[in-house]
Amino acid sequence: MASKASLLLSLLLLFSTCLARRQQQQQLPQNQCQIGRIDALEPYDRIQAEAGVTEYWNADEQQFQCAGVEFLRHRIQPGGLLLPSYVNTPLLSFIERGRGVQGVVLPGCPETFESSQEQQFSGQSQRRGERFQGLQQDRHQRVQNLKQGDVVAIPAGAAHWIYNDGDSELVAVVFFDTQNNANQLDQSHRRFFLAGNPQSQSRQQQGQRQPRRQQQGQTHQEQPYANAGNIFNGFDVEFLEEAFNVDRETAERLQGQRDQRGHIVNVEQELRIIRPSHTEQEQEQGRRQGRREGGWSNGFEETICSLKLRENIDNPTHADFANPEAGRISNLNSFKFPILRQLQLSAERGELHRNAIQSPHWTLNAHNLLYLTDGSMRVQIVNNAGESVFDDELREGQVVVIPQNFAVIKRAGEQGSRWISFKTNDNAMIANLAGRVSAIRSLPVDVVANAYQLSRNDAQRLKFSQQESLLFSPSSYSRSQGRASA
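Calculation criteria
Residues numbered from 1 in each chain as written. Predicted model: local features only at pLDDT ≥ 70, side-chain atom pairs only at ≥ 80, totals over all residues. Heavy atoms only, no water. Helix = DSSP H or I, 4+ residues; strand = E, 2+ residues; numbered from the N terminus. Salt bridge = Lys/Arg side-chain N within 4 Å of Asp/Glu carboxyl O. Buried < 20%, exposed > 50% of the residue type's maximum accessible area, 1.4 Å probe, protein only. Pairing = 2+ DSSP bridges. Axes fitted to C-alpha atoms, helices over the stretch in contact; angles between N-to-C directions. Disulfide = S-S within 2.5 Å. Lys, Arg positive; Asp, Glu negative; His and termini not counted. Polar contact = N/O pair within 3.5 Å; in protein donor to acceptor, adjacent residues only side chain to side chain. Contact = heavy atoms within 4.5 Å. Phe/Tyr/Trp six-rings, centres within 6.5 Å; stacked < 30°, edge-to-face > 60°. Core = buried A, V, L, I, M, F, W, Y, C linked by side-chain atoms within 4.5 Å. Patch = residues over 30% accessible without salt bridge, like charges linked within 9 Å, V, L, I, M, F, W, Y side chains within 5 Å. Areas by Shrake-Rupley, 256 points an atom, 1.4 Å probe, with all protein chains shown as cover.

Here G108 lies in the loop between β6 (100–105) and β7 (113–114). Along the sequence, G108 and I304 sit 196 residues apart, while their C-alpha atoms lie 9.6 Å from each other.

Moving on to the pattern of salt bridges. The tally for this structure, following the rule as stated, stands at 27 salt bridges. With its nearest N and O atoms 3.8 Å apart, the salt bridge here joins E96 to R97. On the basis of relative accessible area, E96 is assigned to the buried category, the value being 8%. By relative accessible area, R97 is classed as partly exposed at 33%.

Where burial is concerned, the two faces of strand β24 (residues 399–402) agree: the one with V399 and V401 and the one with V400 and I402 are both buried. Judged from the four bridges that link them, strand β22 (residues 368–382) and β24 form a sheet pairing that is antiparallel. Paired with Y371 across the two strands is V399, which belongs to β24.

Looking now at the sheet that holds strand β3 (residues 69–76). Spatially, β1-β2-β3-β14-β5-β12-β17 is the arrangement adopted by the seven strands of the open sheet, whose pairing is antiparallel. Both outer strands of the open sheet, β1 (45–49) and β17 (310–312), are each paired with one neighbouring strand and no more. Averaged over all pairs of adjacent strands, the angle between their axes in this sheet comes to 20°, without regard to strand direction. Two strands pair when backbone bridges link them, and strand β5 (residues 91–97) and strand β12 (residues 150–154) are joined in this way by four bridges, in the antiparallel orientation. Of the residues in β12, the one forming a bridge with L91 is I154.

With the rule as written, the count across this model stands at two disulfides. Residue pairing for C33: its cysteine sulfur links by disulfide to C66, the two sulfurs lying 2.0 Å apart. Judged by the sign of its S-S torsion, about 100°, the bond between C33 and C66 is right-handed. Here C66 lies in helix α2 (residues 62–67) and C33 lies in the loop between α1 (2–32) and β1, a separation of 33 residues in the sequence. Disulfide partners in the chain, listed by the sequence order of the bonded cysteines, are 1-2, 3-4.

This part takes up the environment of P324. For P324, the position within the fold is in the loop between β18 (321–323) and β19 (327–332). Classification of P324 by relative accessible area gives exposed; the value is 78%. Along the sequence, P324 and S473 sit 149 residues apart, while their C-alpha atoms lie 8.6 Å from each other.

With respect to the secondary-structure elements, D177 resides in strand β14 (residues 170–177). The buried charged residue D177 lacks any salt bridge partner; its closest oppositely charged side chain belongs to K423, at an N-O distance of 14 Å. Only 3.1 Å separates the side chain of D177 from the side chain of N180, close enough to count as a polar contact. Residues contacting D177, with those up to four places away along its chain left out, are G68, T89, P90, L345 and T424.

The next point concerns the packing of aromatic side chains. Applying the stated criterion across every chain, the model contains seven aromatic pairs. Look at W57 and Y371: their rings are 6.4 Å apart centre to centre, the planes differ by 90°, and that puts the pair in the edge-to-face class. Taken together, the residues span a long stretch of sequence, with W57 in the loop between β2 (52–56) and α2 and Y371 in strand β22 at a distance of 314 residues. Classification of W57 as buried rests on a relative accessible area of 2%. For Y371, a relative accessible area of 1% gives the class buried. In textbook terms, an aromatic cluster arises when at least three aromatic residues are bridged by ring pairs, as seen for W57, F71, F175, Y371 and F422.

This part covers the side chain of S93. Structurally, S93 can be placed in strand β5. In this structure, S93 is in contact with D150, V151, V152, A172, V173 and V174, ignoring residues within four places of it in sequence.

What follows is about the nonpolar core. Counting 50 residues, the largest nonpolar core has F64, F71, L92, L369 and F422 as its most contacted members. Here this core takes six residues from β14, the largest share from any one element. In this structure, F71 is in contact with Y56, W57, V173, V174, F175, F176, L369, Y371, V399 and F422, ignoring residues within four places of it in sequence. I35, I38, A326 and L394 belong to the second largest nonpolar core, which has 23 residues in total.

A word on a nonpolar patch on the surface. On the surface, a cluster of nonpolar side chains totalling about 270 Å² of accessible area is made up of Y452, L454 and L462. The class for L462 is partly exposed, based on a relative accessible area of 42%.

As structure tokens, this is what we get:
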């Protein structure tokens, strides 16, 4: 009897401990979102490699902790290959500039890209693993061409790589959702490389760190690649020889211990891979778009292995909101890009003309990371206490996080502005405060009059004076004043 009571007590203690830990984890993001000030952030550190550089933002910043997200930027030189790797969180990547090729390996999916030309093995070596002395074809999982404006969605744990086949730098910004249900590790993104020796490269950089800014009381976070070396390096060479049926030299090359090129390497000659032409890829994308717009998509046309992982968000004809005098906004959600339903993420591409304004609004169901790609804009963010937590000019290359339900207004600078936003919901929804479709417009006139201590005429003017819906041209107020006086 005593042993049973002891066992029951132990189970109760274990259950209480687990419950306390879960409650603590659930409360952490809420505490992190008690933000009194938000700052426009620039890259905090960088990792240089042979054929490019990765710049990353400090994940210890409170606004990143609140949203449970991380952010970095790859700059890949022409002929550069970002080595294959996978991460523990789903990610969205946006091609800011340049072009390239990307491959994503989905476990269990067939190698559907096969070479049509047979290739001859060179030499008659008797090494282990070279069983075929005759002809051999290459085959691999499908790859996709990348161009400026593409958004690429990659599930957690899916290996991927990027190759710059253009003649200019390829710039890709990458958004990680560390609080996503797919991540069952700690709340940070971890990159697992399949090749190279990025750990050695990171050690060289550790002595050269010059952080831009560090909040008081915070410890500097380890670089994302500091402890994320090639995973084969942790296995015994003998095991690798047996697992791959190769000789010792090849097994040691898998480990990459003598590789000093870093995580982005030069391809000596043009990378020979099997891929569709740009024309074929665009035609296929057009067919998919036509099926969705035609209304006969049944929701089962994409299997796991045929999931579309790329969608261009820069096409003006696909804009959801457009005002010729103010700008345009394109949303990429799970209705347009089905894989986002699995990732629980979405994206927004926005453009404001000179001095144009986006209606003040809040996002009902998502945090929002805003990255400015072109120009500048004035941004104001307000919390639930009616306090301004951000009121500054956002410049090209800077990032700001807008927490869920925080109100925000944007006005473009003299050169206009363009941005990409990443949101932590596959169908993020906003509620406008001003304009033809807005919270104020939806209230009864008498409610507006009494809420703001206005006369009924002034309340009507407040409700109906703004005739534009989401994007306001800089002269919209003066035009509405002219109509009212007439």
